[in-house]
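Observations on chain architecture
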Amino acid sequence: MTVDGRLYDAANSSQPLLDASVHLRIQVLNPAKTCILYEEEQTVSTLSSSGYFNLRVGSPTSGADSLKRTSYDS
């Protein structure tokens with residue numbers, strides 16, 4: 001699955017966020033929003049994209065890509 005969007009500067013909401021290291025946490029919750037079913041963290045740069053980002057979400061349970069998963073992932 002992919003997640004994409006555009007981030008804006010908190011101090012000036014009309015300006016795109018231009019940052020070399022934006023930390024994002026993606027969560028999938030149960031319907032009651034009481035349990036984290038899946039969680040991962042990624043860092044992206046929005047310096048050259050005018051605040052836009054595109055992430056591939058989902059990773060295996062082992063190997064180098066599994067490092068995106070957090071300890072809250074069940």
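Residues numbered from 1 in each chain as written. Predicted model: local features only at pLDDT ≥ 70, side-chain atom pairs only at ≥ 80, totals over all residues. Heavy atoms only, no water.

Before going further, it helps to spend a moment on the overall build of the protein. Secondary structure assignment for the protein yields zero helices and four strands. Listed by position from the N terminus, the elements making up the protein come as β-β-β-β. Expressed as a percentage of the 74 residues in the protein, the buried residues total 27%. Within the protein, contacts between residues at least 6 apart in sequence are counted, and of these 48% link residues at least 24 apart. With the model as given, the accessible surface of the protein reaches about 5100 Å², and the carbon-plus-sulfur share is 52%. (Helix = DSSP H or I, 4+ residues; strand = E, 2+ residues; numbered from the N terminus. Buried < 20%, exposed > 50% of the residue type's maximum accessible area, 1.4 Å probe, protein only. Contact = heavy atoms within 4.5 Å. Areas by Shrake-Rupley, 256 points an atom, 1.4 Å probe, with all protein chains shown as cover.)

A few words on the environment of Leu47. With respect to the helices and strands, Leu47 occurs in the loop between β3 (36-44) and β4 (52-56). Distance in space between the C-alpha atoms of Leu47 and Val22 is 9.8 Å, their sequence separation being 25 residues. Dropping the residues within four chain positions of it, Leu47 is found in contact with Leu18, Asp19 and Ala20.

With that out of the way, let us pick up the confidence of the model for the protein. In the predicted model, the protein carries a mean pLDDT of 87, and the fraction of residues at 70 or more is 78%. The least confident element of the protein, judged by mean pLDDT, is β3 at 90; the most confident is strand β1 (residues 2-6) at 95. (pLDDT = per-residue confidence, 0-100.)

One finds Leu7, Val22, Leu24, Ile26, Tyr38, Val44, Phe53, Leu55 and Val57 forming the largest nonpolar core, which totals nine residues. Residue assignment for this core shows that the elements contributing at least two residues are β2 (22-29), β3 and β4. Top contributing element to this core by residue count: β2, with three residues. In this structure Val57 touches Met1, Val3, Ile26, Tyr38, Glu40 and Gln42, once residues within four positions along its chain are discounted. (Core = buried A, V, L, I, M, F, W, Y, C linked by side-chain atoms within 4.5 Å.)

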